[in-house]
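Fold and contact review
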Amino acid sequence: MYFNDGESVKRFVLIVEDELINREILGNMLRDDYHVLYAVNGLEALDTLRENEGMVSVVLLDLMMPEMNGFEVIEAMRADEVMRHVPIIVLTAEEDAEVRTLNLGASDFIRKPYNMPDVIRARIARTIELSEDRNFIESNERDSLTDLYSKTFFYKYAEMIDKYHPDLRTDAVILNVEHFHLVNEIYGRSFGDNVLKSIAGSMRQFMSDSEGLACRSEADTFFMYLSHHPSYDALIGLIQDGLSSLLENLHVRIRMGVYSKVDHALPMEERFSDARFACNTLRGNYLRSIAYYDMSLREHSIFEEHMVSDIHEGLEKEQFIVVYQPKYDVTGSEPVLSGIEAYVRWNHPAYGMIRPKSFLSVLEQNGLIHLLDRYVITKSVGQLAKWREEISLDVPMSVNISRINLYDGGFPDFLRGQLDSHGMTPADMILEITESSYSSDMRQLIDAVERLRRIGFKIEMDDFGSGYSSLTSLNSMPIDVLGLDAGFVTSIHEDDKVRRLVRLIKDIADYMGVPVNAEGVELASQYDLLREIGCRYMQGYYFTKPLPADEFSIYLADMA
Ligand code: C2E
Ligand code: MG
Ligand code: MG
């Protein structure tokens, strides 16, 4: 991030590294001082940089990666108007690569393995400092194209507005041209320039009767800091009018994020990152052009930050609880216990008991989910061993695993180690993987799943029907059970269309030669219908809610 009168803000660092373990080590080293973003290959790195335009202070870049390697990332960044200002530190184990990357324009390098955390932290801090000084000196007060302020001066002057008008209620506004690069590509660069100038002109006009200022912060992104306006519809109107006078039927979409009546206690950058946060919620939304920031967005991001920063302590202090739900084979006259599924809960000291939906994706994005999954596997396999011994329970344990585990070469050995230590075999476990995890990187996933199956693990495709797998990909997908998404089950007893869909899914499963497991069964009517359709396995509140281990033992005893 940028200059802020010496005040220190937590900057963003992007770690680009395909090896999970290296990401972890570096991330842990840095997360107290920085907001750490992660990417697992070059393509993802460029996407992340685009998504967080102007926010990332330094990129830590591995050279050897699949998809797009580090050299290619450097070249792509250097060719990009915005990204070329972001300094790069190369992560490498080879000496000759260092020279090559420094020549290409990297600022520094860090040697693997990362055994000197203090040196690493100091080098990163120094690189950021140098690049910010340079960017500040290089920047002019005004943007030459639009004659609006440049970002560094904008922040300074915005702070002056606060200083001289401490009681003025102000808004932070971000304006972004969607797919601006397409405008350039289709109409040419100079037309693109005119679009930007026209937008700047409309902004100036809008501000003419209010206290305020504007800047162009990046190629196609504008900031405004101005006295509070209850609505910005008029600004969108002005901009659209201006653009239509450039070219009739020109379709340029503007996205606007507004943080209204800003909290003056927040640093200026943070107000704009909140406005940007709101703006980003409009991605892919073609019905609205303006999003207003509200506290719940902030609370949500604070919550997510907590999830990430608290997980290590949570694991250490065993705040995670595993609950168990029985699975039944319903083909006979009476349901017969056929398995147990383990779900995780987080008994968080501040937030109370939280369901996985709230933290899974943020832990996945931060490369932390494998820690949790390993914890749950350790606990549930241990618990199964106990039940084996105490009550001779003879069914497998199903665990939900995030796809990230499939990319981790050490995962099969981990699983085996857990089972070995209790004298169990892979046949004692079923791995549930959600359908959506099958949709990206098909080949790699299929390979990983096949490897696990060869060792003897059974794979259940969880939540089938909720994602996007195509029939062709399904055909090549090696699975043992097809888990019908609970969404179908919820309405199967009252919706004929759903019933037909479920029959269709049952046909697909038959074609694949695998049984169907219906989850979320709550009612007898659902149970009857699913049984009639031919679902082999079922689970849900109809039998019982998921229960902690001790209650589950009692449940089993009662059933016996
Ligand atoms: P899932 O594996 O499809 O699990 C089914 C979810 O439905 C569970 O929610 C379960 O508690 C809930 N459920 C079970 N029976 C019924 C019912 O009859 N009615 C209703 N309304 N709900 C029922 P939960 O525990 O919140 O888990 C949500 C998802 O989070 C799971 O979906 C799974 O994909 C994921 N998950 C859970 N535990 C873990 C874990 O340890 N690791 C990973 N990676 N993912 C997990
Ligand atoms: Mg599941
Ligand atoms: Mg499911």
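See the structure shown above.
1. A word on the overall build of the protein
Check the secondary structure of the protein and you find 20 helices and 20 strands. When its C-alpha atoms are laid out on the principal axes, the protein stretches across 80 × 60 × 45 Å. When each of the 560 residues of the protein is scored for burial, the buried share is 52%. In the protein, the share of contacts with a sequence separation of at least 24, taken over all contacts with a separation of at least 6, comes to 67%. Surface exposure of the protein reaches about 26,100 Å², of which carbon and sulfur atoms provide 50%. Of note, the protein has its 55 positive side-chain charges centred 1 Å away from the centre of its 91 negative side-chain charges.

2. Focus on empty space enclosed by the protein
Here the structure, examined in full by the defined rule, presents three cavities of 30 Å³ or more. In this model, the second largest cavity occupies a volume close to 50 Å³. Lining the second largest cavity, in full, are Asn405, Leu406, Asp408, Phe411, Pro412, Ala448, Arg451 and Leu452. Among the elements of the structure, helix H14 (411-420) and helix H15 (442-455) are those that each provide at least two residues to the lining of the second largest cavity.

3. Overview of the site of ligand 1
Among the 24 residues in the neighbourhood of ligand 1, the closest are listed as Arg345, Arg355, Asp373, Glu522 and Tyr541. Within the contact set of ligand 1, a nitrogen atom lies 2.7 Å away from a side-chain nitrogen or oxygen of Asp373. Protein chains bury 83% of the 800 Å² of accessible surface belonging to ligand 1 in isolation. Among the secondary structure elements, those contributing two or more residues to the shell around ligand 1 are strand E12 (336-348), helix H13 (369-391), strand E15 (429-434) and strand E16 (458-464).

4. Some words on the nonpolar core
Phe359, Leu372 and Leu530 are the most contacted members of the largest nonpolar core, which has 82 residues in total. Take this core: its biggest share by element is nine residues, from H13. Contact partners of Leu372, with chain neighbours within four places excluded, come to Ile311, Leu315, Phe320, Val344, Phe359, Leu360 and Leu363. Leu175, Val195, Phe206 and Val258 belong to the second-largest nonpolar core, a separate cluster that totals 30 residues.

5. What to know about the packing of helix H6 (residues 151-164) against helix H10 (residues 268-280)
Packing of H6 against H10 leaves a shortest axis separation of 10 Å and a crossing angle of 105°. Taken as axis vectors, H6 and H10 run roughly perpendicular relative to one another. Across the interface between the two elements, Phe154, Tyr155, Ala158, Glu159 and Asp162 from H6 touch Met268, Glu269, Arg271 and Phe272 from H10. Here the contact of H6 with H10 is composed, by residue class, of five nonpolar, no polar and four charged.

6. A word on the pattern of salt bridges
A complete count under the given rule lists 26 salt bridges for this structure. For Arg271, the salt bridge identified is with Asp162, shortest N-O distance 2.9 Å. Highlighted residues: Arg271 in helix H10 and Asp162 in helix H6, separated in sequence by 109 residues. Note that Arg443 and Asp447 form a salt bridge whose closest N and O atoms lie 3.1 Å from each other. A residue pair is termed a helical-turn pair when its members lie 3 or 4 positions apart in one helix, as Arg443 and Asp447 do in helix H15 at four residues. The class for Asp447 is partly exposed, based on a relative accessible area of 30%. Through salt bridges with shared partners, a single network forms among Lys327, Glu341, Glu432 and Glu460.

7. What about unusual backbone geometry?
Peptide bonds are mostly trans, and most non-glycine residues show a negative phi. Geometrically, the link from Lys112 to Pro113 is a cis peptide bond, its omega value of -10° lying close to zero. With respect to the helices, strands and loops of the structure, Pro113 is situated in the loop between strand E5 (108-111) and helix H5 (117-138). Even without being a glycine, Lys261 presents a positive backbone phi close to 45°. Relative to the assigned elements, Lys261 resides in the loop between strand E9 (254-259) and H10. Positioned with a positive phi, Asp463 is a non-glycine residue whose angle comes to about 55°. Within the secondary structure layout, Asp463 lies in strand E16. Take Asp463: its relative accessible area is 18%, and that puts it in the buried class.

8. Topic: the sheet that holds strand E2 (residues 34-39)
Read from one edge to the other, the open sheet built from five strands follows the order E2-E1-E3-E4-E5, with strand pairing classed as parallel. Only two strands of the sheet have a single partner each, and these edge strands are E2 and E5. Neighbour-to-neighbour, the strand axes of this sheet turn through a mean angle of 25°, independent of strand direction. The pairing of strand E4 (residues 88-92) with E5 spans four bridges and is parallel. Following the sheet pairing, Thr92 is matched in E5 by Arg111.

Calculation criteria
- Residues numbered from 1 in each chain as written.
- Chains lettered and ligands numbered in written order.
- Predicted model: local features only at pLDDT ≥ 70, side-chain atom pairs only at ≥ 80, totals over all residues.
- Heavy atoms only, no water.
- Helix = DSSP H or I, 4+ residues; strand = E, 2+ residues; numbered from the N terminus.
- Buried < 20%, exposed > 50% of the residue type's maximum accessible area, 1.4 Å probe, protein only.
- Contact = heavy atoms within 4.5 Å.
- Areas by Shrake-Rupley, 256 points an atom, 1.4 Å probe, with all protein chains shown as cover.
- Lys, Arg positive; Asp, Glu negative; His and termini not counted.
- Charge placed at Lys NZ, Arg CZ, Asp CG, Glu CD.
- 1 Å grid on protein atoms, 1.4 Å probe; cavity = no way out; pocket = protein on both sides within 12 Å on 5 of 7 lines; lining within 4 Å.
- Points joined across faces, edges and corners; volume = space filled by probe spheres on them.
- Near = heavy atom within 4 Å.
- Polar contact = N/O pair within 3.5 Å; in protein donor to acceptor, adjacent residues only side chain to side chain.
- Core = buried A, V, L, I, M, F, W, Y, C linked by side-chain atoms within 4.5 Å.
- Axes fitted to C-alpha atoms, helices over the stretch in contact; angles between N-to-C directions.
- Parallel < 35°, antiparallel > 145°, perpendicular 65-115°, else oblique.
- Nonpolar A, V, L, I, M, F, W, Y, C, P; charged D, E, K, R; others polar.
- Salt bridge = Lys/Arg side-chain N within 4 Å of Asp/Glu carboxyl O.
- Pairing = 2+ DSSP bridges.

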